Amino acid sequence: MTRLMVFAVCVFLVCPDNVAAASPGHTYDALVKATQAGMKATKVPGLSIVIVNDRGVVWKRNFGVVRQDSEARVTAGTVYRVGEISMAVTAAAILRQSDTGRLQLDSPVQQVLPAFRPRNRFAKARPVTIRALLANYSGLPADVLRGMFTKPRVKLSGALPPLSDIWLTDAPETRYRRSGLGYMVLGCVVEAVTGRRFADAVHDDFLAPLGMRSSSFNAAVSGRNRIAAPHRNGQPVKMAVMRNTPANGLLTTADDLARFVQMLLNGGKIKDRIILKRQTAADMFQPQFTRARWPFARRTGLSWRLKSLQSGDDTAWLSGKFPGYASHIAMLPKEKLGVIVLANDEAAATFTDELAKMALKLARQSKTGGAPAATPSKLDAPHDIKLAPAILDRYAGPYVVFNKLTQVVRDGNKLAVSVQGNDLDVVPVAKDRLVARARIILGLFSVPLDGYTIRMKKVAGRQIAVVEGTPEPLVFEKAGGVDIPQAWRRRAGTWRVLNPDQDVHVKAVHLDVKGGVLVISATVSIPAIGVNDTTLTFGLRPTGNNVAVTMENGIGNGDTIEAVVRNGRETLTFSGFSLGRLAKKRR
């Protein structure tokens with residue numbers, strides 16, 4: 001049984017729907033029990049939870065120790081790395097600059113940063129604006145792998161990868177793609193409009209006025225003696241450093257983040273001090289680019305993801321996984337409630353969102369005097385239907401699933417696939433919608449994977465399958481049936497990295513055509529995140545003789561690989577790396 005399954009059982013035993021109504025003094029007993037159960041099941045050493053409303057802290061609790069081999073307890077002053085929750089603070093700092101008139105959200109980034117010139121293969125594309133960067137609709141790739149785990153420079157502009165070498169993965173304002181690189185650019189915008197280092201400008205102009213005294217984007221001034229040590233699977237690991245400070249570099253406490261959330265819930269004010277204009281604070285939770293052409297767009301505000309955590313609620317939320325840490329913030333802006341969950345082990349990522357949902361539910365019940373909030377009625381379970389074999393054949397074929405080339409086959413009136421060692425039947429319940437069922441106990445019977453469906457759609461001639469029911473939809477692209485130019489077929493073979501990275505080790509790179517699919521695979525080690533000699537496979541969709549794009553595989557992608565000739569030799573460029581072809585050995 002996986003750790004996540006263990007936690008799910010523990011939560012079921014103690015969740016509010018399965019216990020008698022608690023007295024007001026014991027409203028959060030179930031949350032305490034679920035937290036303790038989750039920490040025990042996943043060996044998480046320390047964790048902090050704060051529930052907040054627009055007036056201040058409603059309830060808070062600290063659990064465990066700052067280090068697995070220490071007796072030092074987690075306290076209100078314990079500092080955590082909060083990963084991508086940093087984006088929300090960076091976004092608010094940008095909006096404060098906008099409130100002062102220093103920048104305009106809908107102005108092209110290039111007006112502030114003339115050097116911002118990413119390469120563009122999309123005709124009539126709109127310019128990248130600051131708003132698009134904030135909402136993760138810029139079209140930039142998620143990041144540049146080479147140099148990601150290097151120590152940040154004093155000025156971010158000195159660490160920004162050469163944008164003239166970076167291709168847009170999507171036309172701006174057409175598709176949500178969470179981009180640490182985009183927030184790195186926003187950090188450079190802050191430096192350009194203030195004339196100061198990003199960490200200093202955000203501290204002086206935003207964190208200090210808000211009273212977030214234990215928070216900083218500068219690790220050197222964040223109180224190292226109070227930082228909870230990072231852990232992986234219950235064991236301490238070395239503190240990682242990452243280049244993209246505005247996207248993942250915030251060190252903070254649960255109490256400081258509670259002030260941040262309180263300010264947003266209170267219309268941009270903390271006590272009598274205005275941090276953001278009321279409309280500006282509200283705009284953070286307004287859906288952006290709702291007319292985007294990508295049919296599976298996530299609802300997103302300015303950094304915040306919207307209405308995915310709790311069905312039926314207007315929830316704003318963010319998860320932040322940083323090497324050795326896991327964190328989650330969720331808010332109900334209309335009901336003026338929020339929760340912060342911070343932990344010093346990556347394993348907590350398996351249950352922090354569940355704790356947040358439970359905390360908000362309990363807080364809402366407490367606010368309404370114990371009466372449970374109305375919840376949408378559940379739809380009846382979908383019934384299996386029969387589809388024409390031609391339709392199922394169109395859905396079947398090769399997909400790259402979590403970096404592994406995987407065959408989806410038609411088996412009578414259903415599809416069958418094996419994912420990470422699990423055999424799944426995928427059964428149609430509508431023409432464009434299927435339900436996954438796991439084969440359990442040697443295939444003697446099947447059990448529905450409750451809440452998970454697969455929606456099928458054609459997008460620009462591409463067959464796309466989307467797994468829905470997860471916090472974020474997982475997008476997969478059928479890899480077969482793509483025309484592969486001879487120029488790419490001739491490049492099949494083994495390639496080596498010409499510009500190695502000391503923290504991201506890439507070796508054994510192979511380009512090949514398998515079953516009519518152009519694929520590139522590499523053995524990768526990234527010690528900072530616990531990846532050791534792992535083989536990653538990407539399907540490639542050529543867009544010409546010299547450019548190809550990685551196919552959707554459930555974890556993003558859409559990066560560009562390009563063939564260029566340098567010094568008379570052809571090289572491949574990918575995410576900051578240059579690859580040179582190895583000569584075939586003579587027999």
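These numbers were taken from a predicted model, which means no experiment stands behind them. (Residues numbered from 1 in each chain as written. Predicted model: local features only at pLDDT ≥ 70, side-chain atom pairs only at ≥ 80, totals over all residues. Heavy atoms only, no water.)

Caption draft 1: How the structure looks around unusual backbone geometry. Located in the positive-phi region is Lys-43, a residue other than glycine, with phi close to 60 degrees. You can call Lys-43 exposed: its relative accessible area is 54%. We note that Lys-124 has phi near 55 degrees; this positive angle belongs to a residue other than glycine. Following the sequence through the fold, Lys-124 ends up in the loop between α3 (86-99) and α4 (130-134). (Buried < 20%, exposed > 50% of the residue type's maximum accessible area, 1.4 Å probe, protein only. Helix = DSSP H or I, 4+ residues; strand = E, 2+ residues; numbered from the N terminus.)

Caption draft 2: Quick peek at the pairing of strand β2 (residues 56-64). As defined by bridge partners, strand β1 (residues 46-53) adjoins β2 across eight bridges and the pair is classed as antiparallel. Along β2, the bridge assignment pairs Asn-53 with Gly-56. (Pairing = 2+ DSSP bridges.)

Caption draft 3: Inspection of the sheet that holds strand β23 (residues 517-526) at higher detail. Spatially, the eight strands close up into a barrel ordered β21-β22-β23-β24-β25-β26-β27-β28, and their pairing is antiparallel. For this sheet the average axis-to-axis angle between neighbouring strands, irrespective of direction, equals 30 degrees. Sheet topology note: the strand β22 (residues 505-514)/β23 ladder contains eight bridges and is antiparallel. Looking at β23, one finds that Lys-507 is bridged to Thr-523. (Axes fitted to C-alpha atoms, helices over the stretch in contact; angles between N-to-C directions.)

Caption draft 4: The sheet that holds strand β10 (residues 316-322), seen in detail. As summarised here, the arrangement of the six strands in space is β2-β1-β12-β11-β10-β9, forming an open sheet in which the pairing is antiparallel. The sheet is open, and its two borders are formed by β2 and β9 (305-306), each paired with just one other strand. Here two bridges tie β9 to β10, and the two strands are oriented antiparallel to one another. In the sheet register, Leu-306 faces β10, and the bridge partner there is Ala-316. Where helix α2 (residues 29-42) meets the sheet, it contacts β1 and β2, and its direction lies at approximately 35 degrees from that of β2. (Contact = heavy atoms within 4.5 Å.)

Caption draft 5: Highlighting the packing of aromatic side chains. Under the counting rule described, the total for this entry stands at nine aromatic pairs. Centre to centre, the rings of Phe-322 and Tyr-325 are 6.5 Å apart; their planes meet at 50 degrees, and the pair counts as tilted. By way of ring pairs, the aromatic residues Tyr-137, Tyr-176 and Phe-289 are connected into one cluster. Directly above the aromatic system of Trp-488 lies the positively charged group of Arg-491, at a separation of 4.6 Å from the ring centroid. (Phe/Tyr/Trp six-rings, centres within 6.5 Å; stacked < 30°, edge-to-face > 60°. Lys NZ or Arg CZ within 6 Å of the ring centre and 35° of its normal.)

Caption draft 6: Examining the side chain of Ser-138 more closely. When you line up the elements, Ser-138 lands in the loop between α4 and α5 (180-194). Setting aside its immediate chain neighbours within four residues, Ser-138 contacts Val-128, Ala-132, Leu-133, Leu-168 and Pro-172.

Caption draft 7: Quick peek at helix α8 (residues 254-265). Relative to the 16 Å expected for 12 residues at 1.5 Å per residue, α8 spans 16 Å between its end C-alpha atoms, a close match to the ideal helical length. With 10 of its 12 residues buried, α8 lies for the most part within the structure. Taken together, the buried positions of α8 are Ala-254, Asp-256, Leu-257, Ala-258, Phe-260, Val-261, Gln-262, Met-263, Leu-264 and Leu-265. With its phi angle positive at about 70 degrees, Gly-267 sits one or two positions after the end of α8. (Expected span 1.5 Å × (residues − 1).)

Caption draft 8: Representation of empty space enclosed by the protein. Tallied over the full model, the rule gives one cavity of 30 Å³ or more. Taken as a whole, the largest cavity spans an internal volume of roughly 30 Å³. Lining of the largest cavity is provided by Ala-93, Gln-97, Val-190, Ala-201, Val-202, Asp-205 and Phe-206. Counting residues per element, the ones that place at least two in the lining of the largest cavity are α3 and α6 (198-210). In terms of residue count, α6 provides more of the lining of the largest cavity than any other element does, four residues in total. Along the lines of polarity and charge, the residues of the lining of the largest cavity split into five nonpolar, one polar and one charged. (1 Å grid on protein atoms, 1.4 Å probe; cavity = no way out; pocket = protein on both sides within 12 Å on 5 of 7 lines; lining within 4 Å. Points joined across faces, edges and corners; volume = space filled by probe spheres on them. Nonpolar A, V, L, I, M, F, W, Y, C, P; charged D, E, K, R; others polar.)

Caption draft 9: Quick peek at the layout of surface pockets. In this structure, the second largest pocket encloses a volume near 700 Å³. Lining the second largest pocket are 33 residues; nearest its centre among them are Val-144, Pro-161, Pro-162, Ser-575 and Gly-576. For the lining of the second largest pocket, the elements supplying multiple residues, two or more each, are β26 (560-566), β27 (569-574) and β28 (577-581). A class-by-class count of the residues in the lining of the second largest pocket yields 12 nonpolar, 11 polar and 10 charged.

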